[in-house]
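# Observations on the three-dimensional arrangement
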Amino acid sequence: MKLFFLHSAIAFFAAYLLTHQEPPLLPYSAFSAAFVFLVIFWSLWLTTWLYNKSYFRKMPKALTFSAYFMKEFFAANLKIAYDILTPQYHMRPSVIALPLSVKTDFEITLLACMITLTPGTLSIDVSDDHKVLYIHALYTKGSDMNELKMYIKNGFERRILELTR
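Here's what I pulled together on the structure shown here. (Residues numbered from 1 in each chain as written. Predicted model: local features only at pLDDT ≥ 70, side-chain atom pairs only at ≥ 80, totals over all residues. Heavy atoms only, no water.)

## Let's talk about the pairing of strand 1 (residues 94-99)
Judged by which residues are buried, strand 1 turns out to be one-sided: S94, I96 and L98 face inward and are buried, whereas V95, A97 and P99, on the alternate face, are not. In this sheet, strand 3 (residues 132-137) lies alongside strand 1 in antiparallel orientation, the contact comprising six bridges. Its bridge partner being in strand 3, A97 is matched across the sheet by Y134. (Buried < 20%, exposed > 50% of the residue type's maximum accessible area, 1.4 Å probe, protein only. Helix = DSSP H or I, 4+ residues; strand = E, 2+ residues; numbered from the N terminus. Pairing = 2+ DSSP bridges.)

In structure tokens form, the structure reads like this:
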């Protein structure tokens, strides 16, 4: 991930320099800046296979993780919008304790942020031994708590483990 951020910063800086010169090499527009950024980033990405093979394995996983988060984000937004617009009250708020498979502080923080950014759920606290994450969820019923735990573990947590290990 550090290499991804480094490549992004280099490509952004180079795109800025190439589109903000006097006289300009390229006409300045959002399209030309994005094109230059993508060309430079792509060329940096392609040269990475010479020295870092895991980068190629993790990049598709990072993209699928981002796509999964966006899907969950929009689905949760639609669920909350439906609940707001309909006259019935569908929310069943509760606090659940999620046992964690993630171990490092970065993994725990990433999981907590993804849960908090998804509408309808909020990360409250992590236990002192870093083995349990407490989550406030708006849509749970008595029997759905285990289902919600498995949904988070098989969704966000599994993808975070694939990405970071």
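## Side note on the packing of helix 4 (residues 105-117) against helix 5 (residues 144-164)
Each pair of packed helices gets described by two things: the angle between the helix axes and the distance between those axes. At a closest axis distance of 10 Å, the pairing of helix 4 and helix 5 adopts a crossing angle of 140 degrees. Overall, the two elements helix 4 and helix 5 adopt an arrangement that is oblique. Where helix 4 crosses over helix 5, the handedness of that crossing is right-handed. In this structure, helix 4 uses F106, E107, L110, L111, M114 and I115 to contact helix 5, whose residues at the interface are I152, F156, E157, I160, L161 and T164. Classifying every residue of the contact of helix 4 with helix 5 gives nine nonpolar, one polar and two charged. (Axes fitted to C-alpha atoms, helices over the stretch in contact; angles between N-to-C directions. Parallel < 35°, antiparallel > 145°, perpendicular 65-115°, else oblique. Left-handed = near helix turned anticlockwise from the far one by under 90°. Contact = heavy atoms within 4.5 Å. Nonpolar A, V, L, I, M, F, W, Y, C, P; charged D, E, K, R; others polar.)

## With respect to the pattern of salt bridges
Applying the stated criterion across every chain yields a total of four salt bridges. Measuring nitrogen to oxygen at the nearest pair gives 3.0 Å for the salt bridge that ties R165 to E107. A residue pair is termed long-range when its members are at least 10 positions apart, and R165 in the segment after helix 5 and E107 in helix 4 qualify at 58 residues. Classification of R165 as exposed rests on a relative accessible area of 51%. In this structure, E157 and K153 form a salt bridge, with 2.7 Å as the shortest nitrogen-oxygen distance. (Salt bridge = Lys/Arg side-chain N within 4 Å of Asp/Glu carboxyl O.)

## A word on unusual backbone geometry
Phi is positive for H130, which is not a glycine, with a value near 60 degrees. As for its position among the elements, H130 is in the loop between strand 2 (121-126) and strand 3.

## Brief notes about the environment of L161
The residue L161 is located in helix 5 in this model. A C-alpha to C-alpha distance of 7.6 Å links L161 and E107, two positions 54 residues apart in sequence.

## Here's the deal with helix 1 (residues 2-19)
For the α-helix, the turn length of 3.6 residues means that residues three or four positions removed from each other point alike. For helix 1, which comprises 18 residues, the first-to-last C-alpha distance of 26 Å matches the rise-based estimate of 26 Å (1.5 Å per residue) to within 8%. Taken together, the buried positions of helix 1 are L3, H7, S8, A11, A15 and T19. What you see down the axis of helix 1 is that its buried residues fit within an arc of 135 degrees, all on one side. Opposite the buried face of helix 1, at more than 90 degrees from it, the exposed residues are K2, F5, F12 and F13. (Expected span 1.5 Å × (residues − 1). Arc of directions from axis to C-beta.)

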